[in-house]
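Structure assessment
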Amino acid sequence: MNGPIISPSILSADFATLGEEVRAVSEAGADWIHLDVMDGHFVPNLTFGPAVIKALRPYSAKPFDVHLMIAPADPYLAAFAEAGADTISVHVEAGPHIHRSLQAIRDLGKRAGIALNPGTPASAVEPLLDLVDLVLVMTVNPGFGGQSFIPSTLETIGRLRAICAGRAIDIEVDGGIGPETVALAARAGANAFVAGNAVFKGGPAGYAERIAAIRAGAAAVGGGPLSC
Ligand code: DX5
Ligand code: ZN
């Protein structure tokens, strides 16, 4: 996909009406729907699993961008694939066999993503690039929405862009992204942008306007191609 990809995170949506929230944000211009799965072990918070994602699937035709913050991930990959995930991202820090996890996601016929915490260097994913369709750079420490963007992650994004040169790999950023920080991340080399609070805070009447503002912030950045 050319141009910035905006992937609203339903972590900041109204959990009492999640289906309607997914429908509303899809109709408001989301390119992907970002689903944050947390286990209270790899990250200090709990959210939802494959049953909820399966229940949400009929509410949108947009790709489901599933971010697994769970350890281990491997026993659940098939369930997330069956639930309707299009991309499944696993953390490089979540276990000793990330290569196997990425192979398993591809074998399930899904796009494979690898996620990095803010303290993990870009070089950690270098041996894995043949196996991934997306690299997800955490721009906050994972676990909660509404945190502040960590500027040191810009260097990681820039390094990844260089490492990924010539490959069809999306570079996605996640955490503290809004109309201003999105431009920093885009300039550094990201082409896909997760936003939770910046989209959902304030309610459905503003979803279209807020998605458009984030898209404009990313698109305003001149320079080379957005995808690496
Ligand atoms: C954090 C999640 C993010 C989060 C982003 O662990 O992975 O997707 O929802 O929320 P904001 O955009 O509010 O920082
Ligand atoms: Zn996420």
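First, a word on scope: everything that follows refers to the structure included in this document. Since we're looking at a predicted model, the values are computed, not measured. (Residues numbered from 1 in each chain as written. Chains lettered and ligands numbered in written order. Predicted model: local features only at pLDDT ≥ 70, side-chain atom pairs only at ≥ 80, totals over all residues. Heavy atoms only, no water.)

So, on to the coordination of the zinc ion (ligand 2). Taken together, His34 (NE2), Asp36 (OD), His67 (ND1) and Asp174 (OD) make up the protein donors of the zinc ion (ligand 2), found 2.0 to 2.3 Å from the metal. Taken together, the six donor atoms coordinating the zinc ion (ligand 2) span angles of 68 to 170° at the metal, a pattern that classifies the geometry as octahedral. Here the donor residues of the zinc ion (ligand 2) are spaced in sequence according to H-x1-D-x30-H-x106-D. On the accessibility criterion, Asp36 (4% relative accessible area) is buried. (Donors = N, O, S within 2.8 Å, 3.2 Å for Na, K, Ca; no water. Tetrahedral: all angles 85-135°; square planar, octahedral: opposite > 155°, others 65-115°. Buried < 20%, exposed > 50% of the residue type's maximum accessible area, 1.4 Å probe, protein only.)

For helix H1 (residues 18-27), the full list of buried residues reads Leu18, Gly19, Glu21, Val22, Val25 and Ser26. Looking down the long axis of H1, one finds its buried residues gathered within 165° of arc, a one-sided arrangement. Where H1 is buried, its residues touch strand S1 (5-8), strand S2 (33-38), helix H2 (50-56), strand S3 (64-69), helix H7 (197-200) and helix H8 (207-219). Just downstream of H1 lies Gly29, where phi reads positive at about 115°. (Helix = DSSP H or I, 4+ residues; strand = E, 2+ residues; numbered from the N terminus. Arc of directions from axis to C-beta. Contact = heavy atoms within 4.5 Å.)

Here we come to the packing of helix H5 (residues 153-163) against helix H6 (residues 181-188). How two helices sit against one another is set out by the angle between their axes and by the gap between those axes. Across the interface, H5 lies against H6 with an axial gap of 8 Å and an inter-helix angle of 35°. Within the contact between the two elements, H5 uses Leu154, Ile157, Gly158 and Arg161 and H6 uses Leu184, Ala185 and Ala188. Class assignment for the residues of the contact of H5 with H6 results in five nonpolar, one polar and one charged. (Axes fitted to C-alpha atoms, helices over the stretch in contact; angles between N-to-C directions. Nonpolar A, V, L, I, M, F, W, Y, C, P; charged D, E, K, R; others polar.)

Of all five residues making up strand S7 (residues 170-174), five are buried, and the element is well covered by its neighbours. Burial along S7 is two-sided: the face carrying Asp170, Glu172 and Asp174 and the face carrying Ile171 and Val173 are both buried. Alignment of strand S6 (residues 134-138) against S7, held across five bridges, turns out to be parallel. Across the sheet, the residue bridging to Met138 is Asp174, located in S7. Of the crossover connections in this fold, the one passing from S6 over H5 to the parallel S7 is right-handed. Direction of pairing for S7 relative to strand S8 (residues 192-195): parallel, over a ladder of three bridges. When the bridges of S8 are listed, Asp174 appears paired with Val194. Each parallel crossover has a hand, and the one from S7 via H6 to S8 is right-handed. (Pairing = 2+ DSSP bridges. Right-handed = clockwise from strand over helix to strand, strands pointing away.)

Moving on, we get to the layout of surface pockets. For the largest pocket, the calculated volume is near 280 Å³. Residue lining of the largest pocket: 26 residues in total, with Gly145, Gly146, Gly175, Gly176 and Gly196 positioned closest to the centre. Among the elements of the structure, S2, S3, S8 and H7 are those that each provide at least two residues to the lining of the largest pocket. Classifying every residue of the lining of the largest pocket by side-chain character gives eleven nonpolar, 13 polar and two charged. (1 Å grid on protein atoms, 1.4 Å probe; cavity = no way out; pocket = protein on both sides within 12 Å on 5 of 7 lines; lining within 4 Å. Points joined across faces, edges and corners; volume = space filled by probe spheres on them.)

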